[in-house]
Structure formats: C-alpha cells, structure tokens
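Breakdown of the fold
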Amino acid sequence: MGFFLEVVLGGLMAGVLYSLVALGFVLIFKASGVFNFAQGAMVLFAALAMARLAEWLPELLGFESLLLANLLAFVLAALIMVVVAQGIERLVLRPLVNQEGVTLLMATLGVTYFLDGFGQTIWGSDVYKIDLGLSKDPLLVLGDLFEGGILLNRDDIAAALIAVALVVVLAIFFQKSATGRALLAVADDHQASQSIGIPLNRIWVIVWAVAGFTALVAGMVWGSKLGVQFSLAILALKALPVVIVGGFTSVPGAIIGGLLIGLGEKLAEVYLGPIIGGGLENWFAYGLALAVLLVRPQGLFGERIIDRV
Amino acid sequence: MLYRENGQFKTRYGDDQQIFPILQDRWLVMALIAFAFIGVPMLASEYMFRAILIPFVILSLAALGLNLLVGYCGQISLGSGAFMAVGAYIAYNAYTRVPGMPVVGAFLIGGGAALLVGIVFGIPSLRIRGLYLAVATLAAQFFCDWVFARVAWFTNYSASGSVSVPTLTVAGVSLDTPQSKYLFCLTIVTVMALAAKNIVRGHVGRSWMAIRDMDVAATVIGIRPVTAKLSAFAVSSFVIGVAGAMWAFVHLGSWEPLAFDVNRSLNLLFMIIIGGMGSIMGSFFGAAFIVVLPILLNQVPAWLGVPISTAMASHLEFMIFGALIVFFLIVEPHGLARLWSIGKEKLRLWPFPH
C-alpha cells in the first residue's frame with residue numbers, strides 16, 4: 001500500500017510538471033488559435049537563461065546571496081522571455097495571420113528549431129543546474145500509518161506549490177484584471193471582442209508574454225529537478241498528449257490532463273512494464289492521447305470546436 | 001528565345017498528356033538523368049558519394065513519400081521516421097530470416113510492412129485533422145521507437161540492440177563500391193519517382209488534391225474520403241518504408257532505432273517545406289538543400305578563415321533551418337519548386353517583357 005501510494009504521488013508530481021508546460025499551450029491556443037509547438041523550446045530557453053544568469057550575476061555584481069541571485073535571474077529571465085515571446089508573435093505569427101492551423105504548426109516547428117539553436121548559442125550547451133536552495137532530503141510522511149511510510153521529495157512538493165501558485169495567479173489575472181478579462185473575451189469570440197474595442201494585436205502580444213512567463217516557471221521547476229539540458233525540449237513534447245487529453249481550450253483540462261498522464265505513465269511503467277517490457281513511459285502518453293482522440297476528439301474538458309471529417 | 005513551346009504542335013491526345021509537354025524540358029530532364037547515371041559516377045569522389053550523393057538520393061525518396069501525404073493529400077505527418085524504421089527493420093528480418101531473399105525483394109517486403117503500419121496509423125485521420133493528426137502520427141513515432149528498441153525479435157536478438165547487414169549483392173553484382181551503391185539507389189529512386197509522378201497525375205492523385213483543397217466539396221463530387229486518405233497513407237508509407245530500408249541497408253550498413261527518431265521525421269518535413277509541398281521536383285530540391293547545408297556550414301567558415309567549433313556549427317544549423325522554415329512559410333509557401341517554375345515562366349518570355 002505504501003509503495004502504491006508512493007507511485008501515485010510520484011506520478012502526480014511528474015504530472016504537475018507536464019501541466020505547467022501544457023498551460024502555456026492552452027493559453028496561446030485559446031487566445032489566438034495557434035498550436036504552439038515551440039512551447040517546449042521556450043521552456044528550454046527560459047531555463048537556460050535562468051540557470052546562466054543566476055550563475056553570472058553574482059560574479060558580475062559581486063554578491064553572494066543565492067536568493068538574491070535567483071530572484072534577479074528570475075526577473076531578468078522573465079523580461080527576456082517576454083521579449084522572445086513578442087518577437088515570435090511579431091516576426092512569425094503576425095505575417096501568417098488567418099493561415100491554416102497546419103501552416104501555423106509548421107511555423108512554430110521552425111521557431112522550435114531556431115530557439116533551440118539560438119538558446120544554446122548564447123547560453124551554452126552543457127548541462128547546467130538551477131539551485132533553488134531546496135534541501136534534497138526526502139520527507140517521510142504517514143510513517144505511523146503504514147510500515148515504512150511514504151517518501152516525498154522536498155523539491156517535488158515545492159514544484160507542486162509553485163504550480164498551484166502559478167495557477168492561482170493566472171486565475172486572478174484572468175478573472176479580476178481588465179486585461180485578463182479582455183483575454184477571455186478574445187478567447188471566446190474574436191469578432192465580438194473586436195467590435196467592443198478590444199485591440200486584438202495587443203491582446204496577442206500579451207498572451208504570448210504570459211505564455212513566455214509560464215514557460216519560465218516551468219523551466220525553473222523542471223531545471224531544478226532534472227538539470228537544464230537539451231533533453232528538456234524533448235521532454236516537453238509530452239505536453240502535447242496532455243493538452244489532447246485535457247482539451248485544447250481548457251485551463252483546468254491542462255492541469256487534470258497533466259496529472260492523469262503523469263499518474264497513468266508511472267502506474268503503467270511500474271505495473272505493466274515488467275510484463276511487456278520497460279520504457280513504456282516514452283509512448284504511454286501518446287497512446288492515451290490517441291485513444292482519447294478516437295473516442296472524444298475534443299478532449300475531456302474542451303469545447304467541441306473540432307470539425308469532424 | 002530557346003525555351004518556348006512555339007511550333008510544337010500537339011496532334012494526338014498522347015502528346016497533350018506527357019509529363020513534360022515542352023520539348024526542351026524533355027531534353028533537359030533526359031540530360032539530367034543521363035548525367036546522374038553516367039557523368040556523376042565518373043566525376044564524384046568517394047567522399048562525395050558517402051557524404052552527399054547517397055544520402056541525398058535516399059532522402060529524396062523519403063521526402064517524396066512524405067510529400068505525397070502532406071503536400072498532395074494535406075494530411076500532416078510527424079511520424080515518417082517511424083515508417084522508415086518499419087521499412088528498415090522488416091526488410092532486415094526478411095533478408096536475414098529467409099534464405100536466398102533478394103535485396104529488392106526485402107525492400108519491397110519492408111515497404112509493404114510500412115504500408116500496413118501507415119494504414120493503421122492513418123485511421124485516426126478519418127475522424128480528425130490538422131493538429132490532432134500531428135499528435136496521432138507522433139504517437140506512431142514514439143511507439144515504433146519503443147517497439148524496435150525493446151522487442152528483441154525485430155533485432156534478431158542481437159545483444160547490443162543494433163543490427164547490421166553484410167555486403168549486398170544485387171543481380172549478381174556486389175555493392176561494395178560507393179559507385180555501385182549510388183547507381184543502385186538512383187535506379188530505385190528514378191523508377192519510384194516516375195511512378196509517383198504518374199500517380200499524382202492520375203485520378204488517385206487528383207482525388208488526394210481534392211481532399212486536400214476542400215474535403216466537403218470533394219465528398220460532394222463523389223470522392224470517398226476514406227479511400228483517398230487511406231490510399232495516400234498507404235502509398236506514402238510504402239515509399240517511405242522503401243527509403244527507410246535503403247537508408248539502413250545501403251547508407252548505414254549497421255543501425256539502431258535512434259537512426260529513425262523524431263528528428264528524422266522533422267527533418268523530412270523540413271525538406272518538403274523548403275523544397276515545396278505538392279511537388280515531386282520539390283522533394284529533390286529540399287533533400288539536396290538539407291543534406292548539403294550542414295556540410296557547407298562545417299566547411300565554409302574554415303575556407304573563409306574563421307573556423308567555428310562543431311557544436312557552434314550544429315547550433316547554427318538549427319537556427320538556419322528554423323529561420324528558413326519560417327521564411328519560406330511566410331514568403332514562398334510553395335518552396336524552392338515554386339522558384340524553379342517561376343524561373344521557367346520567365347525564361348519562356350525572355351528576352352521580351354510580355
């Protein structure tokens with residue numbers, strides 16, 4: 001029982017990471033109908049920026065504090081991500097406005113390659129780490145309930161907390177601020193929102209900036225857990241099935257989809273893996289997404305916008 | 001002046017239906033093919049064959065296969081690497097397990113297996129399209145990666161997971177020199193490119209294009225989407241599968257599943273975006289471009305006296321590919337092939353402005 005719970009919790013924690021990336025996908029898709037394949041590359045870029053800045057800033061400015069370095073690096077990286085996201089919006093997607101979804105997908109594929117190369121050119125291509133100053137000792141909970149209790153990693157808990165905080169911040173931003181409401185309006189109906197005077201161009205810029213910020217948060221959490229390296233961009237491909245399962249247009253869907261996939265993946269690996277061979281994790285998410293596509297193409301929480309053929 | 005159709009009267013239907021209706025075009029293509037078969041083997045160095053010509057010829061075929069699906073039928077696929085892998089591994093099994101199996105026979109069996117897998121993963125395309133299909137084909141990619149890495153039967157229980165084939169013999173000729181390998185690949189590619197050109201000119205290809213341009217209208221005029229889409233998946237996967245078998249048998253010699261990972265799929269997609277979607281010629285342009293660019297990037301800075309590290313060159317390669325994809329999608333969605341046909345149009349009028 002203790003082992004089962006540990007697997008479940010481990011899966012959910014991995015799921016939180018997927019959700020963080022998936023959130024970025026959903027935000028952009030909702031507001032502009034672009035399927036942003038480059039979200040993974042943005043995560044890598046942001047994580048690289050954060051890791052390197054946290055390394056360089058203390059040397060440059062001559063201070064020691066880890067917290068200050070991380071804080072400064074985070075703010076700077078956020079600014080950089082906003083600039084990058086706006087650059088993508090301006091240079092790539094604006095000229096392609098009103099094109100078919102497939103063309104936009106291929107354009108973001110191009111952006112993915114560009115960002116991967118660009119990020120490694122300016123930030124370097126070794127393995128870096130983001131040190132958030134969290135202790136690595138596992139935490140023992142429920143020790144009196146089961147024999148052996150359940151071991152939890154502190155950084156997993158921190159990741160979950162950060163994810164929750166991000167979702168809360170985004171929820172408040174969307175529900176309470178004028179800009180956030182304008183974003184919701186655009187997501188709902190482009191023409192109607194334009195007719196009441198919401199400038200579409202500005203909204204798209206803001207959405208991309210928010211997605212860049214989400215990428216930074218995801219990159220920070222992933223980077224602190226797994227180290228910042230090129231494989232982050234590949235891992236982020238897992239966020240695609242997450243949004244398929246959860247639904248392209250639903251923020252709660254992204255979160256629940258991420259948790260479902262993280263959980264299913266771990267359970268399949270642990271309990272099915274020994275029977276049909278290990279490494280199930282690599283395609284389980286895609287298999288699940290394929291099944292969802294065949295049965296319920298709009299995903300668990302999405303609107304039925306898909307056109308049936 | 002030189003390149004125009006004046007005076008070339010078409011008196012039979014056959015004349016009107018030729019692949020190249022203009023005489024000069026026919027001569028040019030014949031000369032090109034003759035040069036590829038006769039001139040190139042005499043001129044090229046061994047390095048040229050190994051690093052450029054053989055990869056170019058084989059990847060052109062793979063890009064051609066993908067182009068049939070993406071460019072002609074409008075179904076996006078990010079899983080072409082998987083179909084190449086299916087072709088390679090099934091051909092390998094056919095070749096090693098069946099005594100006396102000819103190489104071409106093994107290639108055809110590999111292509112046939114890829115065809116079946118392509119149809120299976122094409123089934124989702126009947127209900128979904130666009131982005132959703134991209135994810136479905138990615139599923140094919142990751143699933144095949146896993147199968148060939150984990151299921152030992154496919155690798156003939158080799159301990160390291162990588163497999164290799166001995167020197168091939170085709171019709172009594174041993175393929176041990178780069179020239180012979182090149183000529184063997186070129187022959188297959190020429191035959192299949194001709195077949196593909198004729199398929200897309202005929203009613204099958206036209207039904208694909210109708211589905212691509214507007215599927216509802218196509219259905220109304222009596223094209224069955226099921227047949228059209230699945231036939232596109234089938235033909236495309238067959239071609240990609242044969243290309244995969246050639247890539248493994250002729251170019252690599254020994255390989256592991258990593259040779260056909262998701263990067264290979266994306267690479268093929270880039271070839272057809274840059275070369276030109278919906279164009280047979282474009283597949284060749286795109287393959288040439290993508291094979292030659294990395295080599296140039298490694299060489300040119302050294303010639304210019306500013307040597308860059310290999311890591312830097314590979315990052316630059318990523319950036320240039322990415323930027324070019326975006327550039328072509330925005331400026332010239334039909335790729336290099338469109339530039340080629342614009343050039344031909346201009347040449348027809350030259351030296352007059354109209």
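Preceding this section is the structure that the text describes.
Residues numbered from 1 in each chain as written. Chains lettered and ligands numbered in written order. Predicted model: local features only at pLDDT ≥ 70, side-chain atom pairs only at ≥ 80, totals over all residues.

Points about the overall build of chain A
How we decide: Elements are defined by DSSP. Helices are runs of H or I of four residues or more, strands are runs of E of two residues or more, and each kind is numbered from the N terminus. Buried means a residue has 20 or more other C-beta atoms within 10 Å of its own C-beta, exposed means 12 or fewer, and partly exposed covers the counts in between; C-beta atoms are placed from the backbone.
Counting its secondary structure elements, chain A contains 12 helices and 2 strands. Written out in order from the N terminus, the α and β elements of chain A read α-α-α-α-β-β-α-α-α-α-α-α-α-α. Counting only residues that meet the buried cut, chain A has 47% of its 309 residues in that class.

Remarks on the overall build of chain B
Put simply, the rule is: We take the radius of gyration over the C-alpha atoms and set the globule estimate at 2.2 Å times the residue count to the 0.38 power. Residues are scored as being in contact if the C-beta atoms we place from backbone atoms lie within 7 Å.
Scanning chain B from N- to C-terminus turns up 14 helices and 4 strands. Computed over the C-alpha atoms, the radius of gyration of chain B is 21 Å, within 12% of the 20 Å expected from 2.2 N^0.38 for a compact globule of 354 residues. For chain B, the C-alpha atoms occupy an extent of roughly 70 × 60 × 45 Å along the three principal directions. Buried positions account for 45% of the 354 residues belonging to chain B. Counted over contacts in chain B with a minimum sequence separation of 6, partners at least 24 positions apart contribute 75%.

Details of helix H13 (residues 310-331) of chain B
Just so we agree on the cut-off: Under the convention used throughout, the expected extent of a helix is 1.5 Å for every residue step, that is, one less than its residue count.
Here H13(B) is 22 residues long and its end C-alpha atoms lie 31 Å apart, about the 32 Å a rise of 1.5 Å per residue gives. Buried residues of H13(B): Ala313(B), His315(B), Phe318(B), Phe321(B), Gly322(B), Ile325(B), Val326(B), Phe328(B) and Leu329(B), and no others.

As for the nonpolar core
Residue and element names in this part refer to chain A. What counts is decided by this rule: As used throughout, a nonpolar core is a set of buried Ala, Val, Leu, Ile, Met, Phe, Trp, Tyr and Cys residues joined through C-beta atoms within 7 Å of each other.
Core analysis: the largest hydrophobic core is formed by 212 residues, its most contacted members being Ala 47 and Met 50. Sorting elements by how many residues they give to this core places helix H1 (residues 2-32) first, with 16 residues. Excluding residues that lie within four positions of it along the chain, Ala 47 makes contacts with Ile 130, Gly 219, Met 220, Trp 222, Gly 223, Val 228 and Leu 232.

Observations regarding the interface of chain A and chain B
How big an interface is tends to be stated in terms of accessible area lost as the parts join. Defined as follows: The nonpolar class holds Ala, Val, Leu, Ile, Met, Phe, Trp, Tyr, Cys and Pro. Asp, Glu, Lys and Arg form the charged class, and all remaining residues, Gly among them, are polar.
Counting residues at the interface gives 39 residues for chain A and 36 residues for chain B. In terms of residue count, the dominant contributor to the side of chain A that touches chain B is helix H4 (residues 101-123) of chain A (17 residues). Residues that form the side of chain A that touches chain B fall into these classes: 25 nonpolar, 12 polar and 2 charged.

What to know about the packing of H1(A) against helix H10 (residues 239-246) of chain A
All names here are of chain A. Note the threshold: As a rule, the C-alpha atoms of each element are fitted with a line to give its axis, helices using only the stretch in contact, and angles between N-to-C directions run from 0 to 180 degrees. Orientation categories follow fixed angle ranges, with anything under 35 degrees roughly parallel, anything over 145 roughly antiparallel, 65 to 115 roughly perpendicular, and all other angles oblique. Each crossing gets its hand from how the near helix is turned against the far one by less than a right angle, where anticlockwise is left-handed and clockwise is right-handed.
Running from N to C, H1 and H10 cross one another at 70°; their axes reach a closest spacing of 9 Å. On the basis of their axis angle, the class for H1 and H10 is roughly perpendicular. Note that H1 runs across H10; the crossing there is right-handed. Between H1, through Tyr 18, Ser 19, Val 21, Ala 22, Phe 25 and Val 26, and H10, the contact on the second element is made entirely by Ala 239, Val 242, Val 243 and Gly 246. Tallied by class, the residues present in the contact of H1 with H10 amount to 8 nonpolar, 2 polar and no charged.

Description of helix H5 (residues 103-122) of chain B
In this model H5(B) runs 28 Å from its N-terminal to its C-terminal C-alpha over 20 residues, within 8% of the 28 Å that 1.5 Å per residue would give. By the criterion of burial, H5(B) is predominantly enclosed, with 14 of the 20 residues buried.

Observations regarding the environment of Ala228(B)
Residue and element names in this part refer to chain B. Structurally, the position occupied by Ala 228 is in helix H10 (residues 225-252). Under the C-beta neighbour-count criterion, Ala 228 is labelled buried, with 24 such atoms within 10 Å. Sequence separation between Ala 228 and Gly 205 is 23 residues; the distance between their C-alpha atoms is 8.6 Å. When near neighbours in sequence (up to four residues on either side) are disregarded, Ala 228 contacts Cys 73, Ser 207, Trp 208, Ile 211 and Ile 223.

Topic: the packing of helix H4 (residues 80-97) of chain B against helix H6 (residues 131-150) of chain B
All names here are of chain B. Look at H4 against H6: their axes get within 8 Å of each other, and the N-to-C directions meet at 30°. Classed by the angle they form, the pair H4 and H6 counts as roughly parallel. At the point where H4 passes H6, the crossing takes the left-handed sense. Between H4, through Gly 81, Ala 82, Ala 85, Val 86 and Tyr 89, and H6, the contact on the second element is made entirely by Ala 140, Gln 141, Cys 144 and Phe 148. When the residues that make up the contact of H4 with H6 are grouped by side-chain class, the tally is 7 nonpolar, 2 polar and no charged.

Note that all results are geometric; they support no functional claim without further evidence.
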